[in-house]
Amino acid sequence: MQLIVHRGTKEIGGSCVELISKNSRILIDFGMPLVNSSQEPFDSKALYGKSIDELKTLKILPDIKGLYEGEKQKIEAILLSHSHLDHYGFMRYINKDIPVYLSRGAQELIQVSNIFTPNSIGSFNAQIIGHLKTFQIGNFTITPYLVDHSAFDAYAFLIESEGKRLFYSGDFRAHGRKNILFKRMLKNPPKDIDCLLMEGTMMGRGNQLYENETAVENKIKDVLEEHKNITFLFASSQNIDRIVSAYRACLKTDSIFVINLYTAFILDKLKAVSTGIPQFDWKNIRVYFLHAHANKIAEFVSVKLLYKYNQQRIKFPEINQKKNNILMLTGKNSFFPIILKNINNFKGAKIIYSMWEGYLDDKFRQYCKEQGLTIEQIHTSGHATVEDLKVFAKALNPKTLIPIHTFESKKYPAIFKNVKVLKDGEEFKI
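Just so we're clear, the structure is a prediction, and the values are computed from it rather than from any experiment.

(A) Seen up close, helix H4 (residues 180-187). For H4, the full list of buried residues reads Leu181, Phe182 and Met185. Buried residues of H4, seen end-on, are gathered within an arc of 100° and therefore sit on one face of the element. Exposed positions of H4 whose direction lies more than 90 degrees from the buried face are Lys183, Arg184 and Lys187. Buried-residue contacts for H4 involve strand E8 (140-147), strand E10 (164-168) and helix H13 (386-396).

(B) Region of the structure containing empty space enclosed by the protein. Scanning the entire structure with this criterion turns up 2 cavities of 30 Å³ or more. By volume, the largest cavity is sized at about 70 Å³. As for the largest cavity, its lining consists of Leu146, Val147, Asp148, Phe172, Arg173, Leu181, Phe182, Met185 and Phe392. With 3 residues, H4 is the largest single contributor of residues to the lining of the largest cavity.

(C) Quick look at the layout of surface pockets. Approximately 650 Å³ is the volume attributed to the second largest pocket. In terms of lining residues, the second largest pocket is bounded by 21 residues, among which Arg7, Glu11, Leu58, Lys59 and Ile60 are the most central. Of the residues contributing to the lining of the second largest pocket, the split by class is 8 nonpolar, 5 polar and 8 charged.

(D) Up close: the sheet that holds strand E6 (residues 125-128). The strand order across the open sheet built from 7 strands is E6-E5-E4-E3-E2-E1-E19, with neighbouring strands paired in mixed fashion. The strands lining the two open edges of the sheet, one partner per strand, are E6 and strand E19 (427-429). Each neighbouring strand pair of the sheet contributes to a mean axis angle of 25°, computed without reference to strand direction. Packed onto the sheet, helix H3 (residues 104-116) meets strand E5 (99-102) and E6 and runs at close to 115° relative to E5.

(E) The sheet that holds strand E12 (residues 231-234), seen in detail. What the 6 strands build is an open sheet, ordered E14-E13-E15-E12-E16-E17; its pairing is parallel. Here the strands that pair on one side only, and so sit at the sheet edges, are strand E14 (285-288) and strand E17 (374-377). Between one strand axis and the next, the sheet turns through 25° on average, direction left out of account. Note: strand E13 (residues 256-260) against E14, 4 bridges, orientation parallel. Looking at the pairing, Ile259 lines up with Val287 of E14. Each of E12, strand E15 (326-330), strand E16 (350-353) and E17 touches helix H5 (residues 213-226); the most contacted strand, E16, lies at about 175° to it. Strands E13, E14 and E15 of the sheet are contacted by helix H7 (residues 261-270), whose axis makes an angle of about 95° with E13.

What counts, and at which threshold
Residues numbered from 1 in each chain as written. Predicted model: local features only at pLDDT ≥ 70, side-chain atom pairs only at ≥ 80, totals over all residues. Heavy atoms only, no water. Buried < 20%, exposed > 50% of the residue type's maximum accessible area, 1.4 Å probe, protein only. Helix = DSSP H or I, 4+ residues; strand = E, 2+ residues; numbered from the N terminus. Arc of directions from axis to C-beta. Contact = heavy atoms within 4.5 Å. 1 Å grid on protein atoms, 1.4 Å probe; cavity = no way out; pocket = protein on both sides within 12 Å on 5 of 7 lines; lining within 4 Å. Points joined across faces, edges and corners; volume = space filled by probe spheres on them. Nonpolar A, V, L, I, M, F, W, Y, C, P; charged D, E, K, R; others polar. Pairing = 2+ DSSP bridges. Axes fitted to C-alpha atoms, helices over the stretch in contact; angles between N-to-C directions.

Read these as layout, nothing more, since geometry by itself doesn't imply function.
Printed below as a string of structure tokens:
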């Protein structure tokens with residue numbers, strides 16, 4: 001069995017791994033990069049108006065034969081670990097006949113993103129997988145492992161072929177609301193691993209702001225107990241663990257959790273996967289409408305859905321009346337100034353910034369200062385700490401460990417055993 005890491009040996013994002021066994025070829029993930037060749041943030045506008053061949057020439061798309069639309073299919077399948085763009089964002093370019101294996105939760109979230117975000121990948125040949133439910137693709141036997149990650153319903157993969165066993169960690173952590181999955185992995189790890197492809201997002205990033213998701217929940221609760229004005233929450237609506245933490249904090253303080261239509265729609269879609277996810281009509285939850293979100297739902301889903309969410313709608317006059325008791329989910333985007341214009345006397349209000357610090361730029365900090373808003377960062381990573389990576393690698397005890405999804409691959413040999421640092425595009429025989 002051979003593997004080629006087309007992207008990911010020297011960067012976080014854009015993950016793409018090809019596995020080859022005799023006449024069978026599969027891909028694991030096909031993501032959009034987070035940075036360009038100059039290590040600056042990747043702008044998806046660089047894709048606009050360019051053909052697949054042009055994107056290959058620019059080395060934005062990897063040159064993988066038989067993968068793309070218009071080519072004779074040679075890739076038998078794609079495994080998607082989870083629904084973050086840096087793992088699936090280039091799926092728009094693939095041959096639509098190629099089966100794509102992913103979780104039900106990932107499928108739902110990708111479909112939601114197709115509606116609400118500009119980076120739509122369109123339709124694809126989805127095949128739903130489940131925890132420890134083994135399946136076959138050509139010469140490969142694949143067993144998915146549900147993992148704890150900030151992306152909902154995320155998976156790692158055990159892949160077997162020609163008597164060899166490869167484990168692809170995907171993105172994972174040990175301190176989220178599903179950390180029991182990490183503990184179970186340590187207690188009963190897959191045996192005889194020949195090759196471990198292990199992420200290292202947190203390598204070189206230092207300590208986390210908060211130890212785990214429970215600590216995040218408790219700190220949000222503390223902020224809500226002391227607030228004397230409206231509190232804004234900046235968090236990804238697709239980070240379900242964080243939505244749960246915020247909701248639990250609201251229940252503990254009898255605060256109103258005000259979410260937008262986009263979030264209400266996400267939660268509604270995911271209730272088919274898990275009944276424990278908060279819903280728009282649960283206690284202490286209200287929904288505010290923005291025209292952009294309402295128009296998307298009306299156009300691409302159903303106008304009837306707006307009537308359904310209207311049962312829990314909250315308008316700005318009521319928000320202003322109750323603002324001292326409100327946690328309002330929003331984000332650092334074009335909608336936030338619009339929201340502020342409708343809030344009375346918001347000076348002194350607090351923003352709970354519950355996202356990666358790298359998104360919090362000086363321009364936005366200055367904007368908040370000018371508006372009289374205070375930013376408090378309350379966040380824990382979606383990725384494993386270095387200490388947890390050590391424990392994970394020791395438990396799986398691979399014959400070869402290959403760094404992936406990291407800017408710090410050169411640090412691996414000093415920390416882990418049996419490390420092989422590859423270059424993008426380099427073929428490695430297991």
